[in-house]
Amino acid sequence: MLRQFVTLHTRALSAPTQRRGSVVRLLHASRPVAADLNKEIEAITDLATTAKDEMDFAEESRNSVYYNDDKMAAHDAVEEMTTAYNSLLARLSAADKSAIESRIGMRIKEIQSAYEIMTLNDLED
């Protein structure tokens, strides 16, 4: 999607005057797709923030009566974030997938790894 947007934008700028109208219409047609993609990325980023917060709450409540509930909330938040992220990647082309992975993929993996470490720490206790 991102590559399409750039390609259409480049074509619109370099197109002859008589063709520019149709290319511009194509460009405007692709903007909602890019806007929807940005909204999805923003929603996934919000889910990542929520997952991180829930994990922090769980860590703060370790060795208290609230820990199991906080850990379950963290688990649910990480699962929701992971599902949304994987769902988005499954619908994208390889080029767009690569762009999204470089944009938010590292943060997603960091949160998933932190949750796994938290779970492993429970096994050691």
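Cut-offs and rules
- Every residue gets a number counted from 1 within its own chain, in the order that chain's sequence is written.
- Given that the model is predicted, a residue must reach a pLDDT of at least 70 before its local features are reported, and side-chain atom pairs must reach 80 or more before they are shown or counted; all residues, however, enter totals for whole chains, interfaces and linings.
- Note that water and hydrogens are dropped before the side-chain values are worked out from all heavy atoms of the structure.
- Should a side-chain nitrogen of Lys or Arg be within 4 Å of a carboxyl oxygen of Asp or Glu, the pair is scored as a salt bridge.
- The buried label applies to any residue whose accessible area, calculated with a 1.4 Å probe on protein chains only, is under 20% of its type's maximum; exposed applies above 50%, and partly exposed to all values in between.
- By the criteria applied, helices consist of DSSP H or I runs no shorter than four residues and strands consist of E runs no shorter than two, each listed in order from the N terminus.
- To get an axis, fit a line to the C-alpha atoms, keeping to the stretch in contact for a helix; angles then go from 0 to 180 degrees between the N-to-C directions.
- Each angle is binned into one of four classes, with values under 35 degrees roughly parallel, values over 145 roughly antiparallel, values of 65 to 115 roughly perpendicular, and all other values oblique.
- Should the near helix be turned anticlockwise from the far one by less than a right angle, the crossing is left-handed, and should it be turned clockwise, the crossing is right-handed.
- By definition, residues are in contact when any of their heavy atoms lie within 4.5 Å.
- When residues are grouped by polarity, Ala, Val, Leu, Ile, Met, Phe, Trp, Tyr, Cys and Pro land in nonpolar, Asp, Glu, Lys and Arg in charged, and all others, Gly among them, in polar.

### Regarding the pattern of salt bridges
Turning to step 1, where the next piece is worked out: The tally for this structure, following the rule as stated, stands at five salt bridges.
Turning to step 2, where the next piece is worked out: Linking arginine 62 and glutamate 59 is a salt bridge whose minimum nitrogen-to-oxygen distance equals 3.1 Å.
Turning to step 3, where the next piece is worked out: Its relative accessible area of 36% is what places glutamate 59 among the partly exposed residues.
Turning to step 4, where the next piece is worked out: As a salt-bridge pair, aspartate 122 and arginine 62 come within 2.8 Å of each other at their nearest N and O atoms. Of this pair, aspartate 122 sits in helix 4 (residues 94-124) while arginine 62 sits in the loop between helix 2 (17-60) and helix 3 (67-90), and the two are 60 residues apart along the sequence.
Turning to step 5, where the next piece is worked out: Of the residues examined, arginine 62 reaches a relative accessible area of 19% and is grouped as buried.
Turning to step 6, where the next piece is worked out: Overlapping salt bridges, with partners in common, bring together Glu59, Arg62, Lys71 and Asp122 in one network.

### Side note on the packing of helix 3 against helix 4
Turning to step 1, where the next piece is worked out: The contact between helix 3 and helix 4 brings their axes to 11 Å, and the two run at 155°. By the angle class used here, helix 3 and helix 4 are roughly antiparallel. In this structure, the crossing between helix 3 and helix 4 has a hand that is left-handed. Within the contact between the two elements, helix 3 uses Tyr67, Lys71, Ala74, His75, Val78, Met81, Thr82, Tyr85, Leu88 and Leu89 and helix 4 uses Lys97, Ile100, Glu101, Ile104, Gly105, Ile108, Ile111, Gln112, Tyr115, Met118, Thr119 and Asp122.
Turning to step 2, where the next piece is worked out: Among the residues making up the contact of helix 3 with helix 4, the classes are represented as 13 nonpolar, five polar and four charged.

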